[in-house]
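Next come the chains, spelled out residue by residue.
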Amino acid sequence: METQFWTKSWELEGAYTSFHRRDIHPYVLKYLTPRRITEKTILVPLCGKSVDMLYFSQFADRVIGVEVVEKAVLQFFQENNLTFQKAGNAYISRNITIYCCDLFSLTTQEIGHVDVVYDRASLVALPYPMRLLYLDKIEELTQPGTLYFLNTLEYAPSMATAPFSIAPNEVRSYYPNYAIQHVESPLLPNHGMVRKFNLRFLIEHGFVMEKQYNATEEEIMAHNEAIFV
């Protein structure tokens, strides 16, 4: 999924941006409660124009979004009546900063310490080789103690396009240095994807995870090789 793919998706909109929710995700309200996120720094990779960031901004110290398509970034501020200032590739409004850049170019020097990662539609948006690069980047940007909320879809038959199907056992293989709680797994027979793609089933998984230690470069390489087997 190159930048051109996402740029085209945001240009066409409609069904091409059906991943965008107009409401706060119910898992957010249930698991990323004010008590958990107050005065924290929350990283939202591949954020699009998610309104979940507005909820986070009510309690968090900083909300950091990363989005490669400028149109989505501008729409976030326009649609939510937020004024912003631009500093380089950073769009800043109060305690919300969205970096309009490739996630893989982001550094810890730019964003500072991260307390919480919110991944509703990032991991599932990436094809397998890019997914491994994404995992490496998140490893680089976080520290032990980081809280990580992950949302994935599992469905059949699988498709060779986003959102990709990612089951719980695959999640566990991706995050060996995290304590993982599998907190949600409802079967959604009325989900739009079931009708559109004639799926046999679709499950929306939710995971609350905490990073236990920093993986070494050797561990990451060995882990990635094991996943490929």
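So, how was this worked out
- Residues numbered from 1 in each chain as written.
- Predicted model: local features only at pLDDT ≥ 70, side-chain atom pairs only at ≥ 80, totals over all residues.
- Heavy atoms only, no water.
- Core = buried A, V, L, I, M, F, W, Y, C linked by side-chain atoms within 4.5 Å.
- Buried < 20%, exposed > 50% of the residue type's maximum accessible area, 1.4 Å probe, protein only.
- Helix = DSSP H or I, 4+ residues; strand = E, 2+ residues; numbered from the N terminus.
- Pairing = 2+ DSSP bridges.
- Right-handed = clockwise from strand over helix to strand, strands pointing away.
- Salt bridge = Lys/Arg side-chain N within 4 Å of Asp/Glu carboxyl O.
- Phe/Tyr/Trp six-rings, centres within 6.5 Å; stacked < 30°, edge-to-face > 60°.
- Axes fitted to C-alpha atoms, helices over the stretch in contact; angles between N-to-C directions.

Caption draft 1: The arrangement of the nonpolar core in detail. With 29 residues, the main nonpolar core has Y134, Y148 and Y175 as its most contacted residues. For this core, the elements supplying multiple residues, two or more each, are β2 (62-66), α7 (128-141), β7 (147-156), α8 (168-174) and β9 (201-211). Here this core takes six residues from α7, the largest share from any one element. V44, A60, F77 and Y91 belong to the second-largest nonpolar core, a separate cluster that totals 26 residues.

Caption draft 2: Local environment of unusual backbone geometry. Looking along the chain, the bond that leaves A156 and enters P157 is cis, with omega of -5°. A cis amide bond links A162 with the next residue in sequence, P163, at an omega value of -5°. Its location among the elements puts P163 in the loop between β7 and α8. For N81, which is not a glycine, the phi torsion comes out positive at approximately 55°.

Caption draft 3: Region of the structure containing the environment of G88. Tracing the backbone through its elements, the reader meets G88 in the loop between β3 (85-87) and β4 (90-93). Taking the C-alpha atoms as reference, G88 lies 9.1 Å from C100; in sequence the two are 12 residues apart.

Caption draft 4: Region of the structure containing the pairing of strand β1 (residues 41-44). Neither face of β1 is left uncovered, since the one carrying T41 and L43 and the one carrying I42 and V44 both have all their residues buried. Inspection of the sheet shows β1 paired to β2 by four bridges, in the parallel sense. Considered in β2, the bridge of T41 is made with R62. Assessed by its sense of winding, the connection that carries the chain from β1 through helix α4 (residues 52-57) to β2 is right-handed. One ladder, built from two bridges, connects β1 with strand β6 (residues 116-119); its direction is parallel. By the bridge assignment, L43 is partnered in β6 with V117.

Caption draft 5: Geometry of the pattern of salt bridges. Throughout the structure, instances matching the rule amount to five salt bridges. For E184, the salt bridge goes to K30, with nearest N and O atoms at 2.8 Å. Linking E184 in strand β8 (residues 178-184) with K30 in helix α2 (residues 26-31), this pair joins segments that are 154 residues apart in sequence. The class for E184 is buried, based on a relative accessible area of 13%. Among the salt bridges present, the one from E140 reaches K137, with a minimum N-O distance of 3.1 Å. Note that E140 and K137 are positioned in helix α7 at a spacing of three residues, about one turn of the helix. The exposure class assigned to K137 is buried, which follows from its relative accessible area of 7%.

Caption draft 6: Examining the packing of aromatic side chains more closely. Applying the stated criterion across every chain yields a total of 12 aromatic pairs. The interplanar angle of 20° and the centroid separation of 6.2 Å between the aromatic rings of Y31 and F149 together place this pair among those described as stacked. Highlighted residues: Y31 in helix α2 and F149 in strand β7, separated in sequence by 118 residues. No difference in accessibility class separates Y31 from F149, as the two residues are buried. For the pair Y148 and Y178, a centre-to-centre distance of 5.8 Å together with 90° between the ring planes defines the contact as edge-to-face.

Caption draft 7: Broad picture of the sheet that holds β8. Read from one edge of the open sheet, nine strands run β3-β4-β5-β2-β1-β6-β7-β9-β8, paired in mixed fashion. On the outer flanks of this sheet lie β3 and β8, each paired with one strand and no other. Each strand axis lies, on average, 25° off the axis of its neighbour in the sheet, ignoring direction.

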